[in-house]
Amino acid sequence: MAAPTVQVRPAAGKLWSRLLLLGPAFVAAIAYVDPGNVAANLTAGANYGYLLVWVLVMANAMAVLVQYQSAKLGLATGLSLPEILGKRLGTRSRRLYWVQAEVVAGATDMAEVIGGAVALNLLFGLPLLLGGVIIGIASMLLLALQTARGQRSFEYAVLVLLGVIAVGFMAGLFVNPPDAGSALGGLVPRFEGTDTVLLAASMLGATVMPHAIYLHSALARDRFGFSPDPAVRTRLIRATRFDVLGALLLAGIVNISMLLLAASSLRGIEGTDTIAGAHAAVSAALGPAIGVVFAVGLLASGLASTSVGCYAGATIMGGLLKVRIPLLVRRVITLIPALVILGAGIEPTLALVLSQVLLSFGIPFALIPLIRLTGKREIMGIHVDSRALKIAGWTSATLIVGLNCVLIALTIAGQS
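Source: prediction; values computed, not measured. (Residues numbered from 1 in each chain as written. Predicted model: local features only at pLDDT ≥ 70, side-chain atom pairs only at ≥ 80, totals over all residues. Heavy atoms only, no water.)

Caption draft 1: Looking closely at the overall build of the protein. Across its full length, the protein holds 18 helices and 0 strands. In terms of C-alpha radius of gyration, the protein reaches 20 Å, essentially the compact-globule figure of 22 Å for 416 residues. Here the C-alpha coordinates of the protein stretch approximately 60 × 50 × 40 Å along the principal axes. Counting all 416 residues of the protein, 57% fall into the buried class. Nonlocal contacts in the protein, meaning residues at least 24 apart in sequence, comprise 87% of its contacts between residues at least 6 apart. Put simply, the protein has 28 plus and 17 minus side-chain charges, and the middle of one group is 15 Å from the middle of the other. (Helix = DSSP H or I, 4+ residues; strand = E, 2+ residues; numbered from the N terminus. Rg over C-alpha atoms; globule rule 2.2 N^0.38 Å. Buried < 20%, exposed > 50% of the residue type's maximum accessible area, 1.4 Å probe, protein only. Contact = heavy atoms within 4.5 Å. Lys, Arg positive; Asp, Glu negative; His and termini not counted. Charge placed at Lys NZ, Arg CZ, Asp CG, Glu CD.)

What follows is the structure, encoded as structure tokens:
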């Protein structure tokens with residue numbers, strides 16, 4: 001893809017210029033508030049109260065770092081992460097890497113379609129399979145907007161949906177606020193058995209999303225292009241910090257709000273281990289209006305995130321295989337696994353939680369190459385990571401891989 005010419009407003013309008021540059025990170029942030037997050041966070045809060053608040057705080061801090069590095073890579077090189085890897089890997093390695101990346105993207109898309117179908121079932125009583133088809137069609141229309149009107153129009157549409165998501169998942173807290181002392185106590189890192197480690201991995205996989213790592217470099221590049229002027233690139237990268245901080249702060253608040261809502265309103269209530277059960281409990285405890293707002297937020301989450309996930313999958317395929325399938329065609333193909341699960345009658349919430357665990361195992365494959373690349377001066381030039389940023393990046397990767405190893409060990413021990 002040819003990079004467009006970069007246009008940056010004069011320094012006299014710094015605030016306005018920065019506002020105009022916002023957008024790519026908010027699209028990527030949709031991945032952090034998708035239906036997989038809803039399933040993982042509600043399950044954690046309903047079953048264990050405030051115990052795992054610290055996981056979300058840690059994961060969101062990692063997400064800020066990771067998404068900033070991804071966007072910086074795209075702006076500094078004019079290439080997306082998959083494109084750079086596609087140039088550096090041999091044919092066999094590139095294809096194998098693409099397979100794992102597509103599996104991760106597929107798991108993401110499956111979760112998002114299922115979540116949207118559940119929302120339509122809660123709102124209108126539609127069968128899950130029919131709801132999945134409707135979500136697929138609606139996401140095609142959203143992707144068609146991106147194809148016909150460009151990325152900026154797509155960003156506006158996603159921003160509106162992000163606002164709906166925030167209202168939908170935070171409204172209940174104003175009716176029944178959480179206990180401040182208990183919420184603060186949840187910031188102390190600890191587990192209570194194998195199930196909490198499984199949930200932590202699910203929450204981590206739902207928060208630090210591999211497909212968003214691949215995608216953000218392309219979103220930043222496609223919006224701003226590549227400038228040969230280092231001063232222009234520096235200004236864009238600085239503005240990107242505000243974009244990432246604002247977007248991920250909002251996503252983090254929404255995620256933590258979900259867990260706090262479940263901990264304060266759903267703890268100990270039967271049936272809250274599913275989204276449908278949690279919705280029924282929310283409606284009973286906080287009123288039907290809050291229940292409807294919650295379901296609308298879930299619907300917006302499924303619709304927006306499945307569109308972004310399909311966009312990410314196309315970015316992965318284009319960069320690693322150098323093959324580009326039209327977004328709408330890809331949407332039809334990737335819709336099939338979710339429809340099979342919905343048609344087979346598998347419990348949607350269980351499928352969502354397990355898909356997020358799969359995402360957690362896919363994070364290192366995206367995160368480690370990103371940290372390596374942004375730490376190389378021959379690739380990044382003057383925009384290479386500082387020593388502090390390198391340390392933070394490798395620390396994040398070590399924690400994520402370590403949690404996955406603990407999860408495997410505990411799961412094997414539990415089966416023996």
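Caption draft 2: The arrangement of a nonpolar patch on the surface in detail. There is a patch of nonpolar side chains on the surface, built from L129, L130, V133, I134, I137 and L141 and spanning about 500 Å² of accessible area. By secondary structure assignment, the location of L130 is in helix α7 (residues 128-149). A relative accessible area of 39% means that L130 is categorised as partly exposed. (Patch = residues over 30% accessible without salt bridge, like charges linked within 9 Å, V, L, I, M, F, W, Y side chains within 5 Å. Areas by Shrake-Rupley, 256 points an atom, 1.4 Å probe, with all protein chains shown as cover. Salt bridge = Lys/Arg side-chain N within 4 Å of Asp/Glu carboxyl O.)

Caption draft 3: Helix α13 (residues 275-286), seen in detail. With 12 residues, α13 should cover 16 Å at 1.5 Å per step; its first-to-last C-alpha distance of 16 Å lies within 8% of that length. Of all the residues in α13, the buried ones are I275, G277, A278, H279, A281, V282, S283 and L286. Backbone geometry just after α13 places G287 at a positive phi near 105°. (Expected span 1.5 Å × (residues − 1).)

Caption draft 4: Inspection of the side chain of T196 at higher detail. By the element assignment, T196 lies in helix α10 (residues 194-207). The class for T196 is buried, based on a relative accessible area of 0%. Within polar-contact distance, the side chain of T196 engages the backbone oxygen of G193 at 2.7 Å. Those residues within four positions of T196 in sequence are excluded, and the remaining contacts are Y48, L51, L52 and F191. (Polar contact = N/O pair within 3.5 Å; in protein donor to acceptor, adjacent residues only side chain to side chain.)

Caption draft 5: Molecular detail of the pattern of salt bridges. Within the structure shown, the criterion is met by 8 salt bridges. Where salt bridges share partners, they join E83, R221, D222 and R324 into one cluster.

Caption draft 6: Broad picture of the packing of aromatic side chains. Applying the stated criterion across every chain yields a total of 4 aromatic pairs. Considering the side-chain rings of W54 and F191, the 5.4 Å spacing of their centres and the 65° angle between planes classify their relative orientation as edge-to-face. Pair noted here: W54 is in helix α4 (residues 53-77) and F191 is in the loop between α9 (180-185) and α10, with a separation of 137 residues, a long-range link. By relative accessible area, which is 12% here, W54 ends up buried. Overall, the relative accessible area of 35% leaves F191 in the partly exposed class. On the basis of an interplanar angle of 90° and a centroid distance of 6.3 Å, the ring pair of Y97 and Y214 is categorised as edge-to-face. Of the two residues, Y97 sits in helix α6 (residues 91-124) while Y214 sits in helix α11 (residues 210-224), which places them 117 residues apart along the sequence. One exposure class covers both Y97 and Y214, and it is buried. (Phe/Tyr/Trp six-rings, centres within 6.5 Å; stacked < 30°, edge-to-face > 60°.)

Caption draft 7: Main features of the environment of G23. The topology assignment puts G23 in the loop between α1 (14-21) and α2 (24-29). Accessibility expressed as a relative area gives 1% for G23, which makes it buried. Along the backbone, G23 and G318 are 295 residues apart, and their C-alpha atoms lie at a distance of 22 Å. Setting aside chain neighbours within four positions, we find G23 in contact with R152, E155, R223 and D243.

Caption draft 8: Representation of the environment of M317. Tracing the chain through its elements places M317 in helix α14 (residues 288-320). The spacing of M317 and R223 is 94 residues in sequence and 19 Å in space, taken between C-alpha atoms. Not counting the four nearest positions on each side in its chain, M317 is found in contact with W98, E102, K322, V323, I325 and R330.

Honestly, that's just the spatial picture; any functional story needs more than this.
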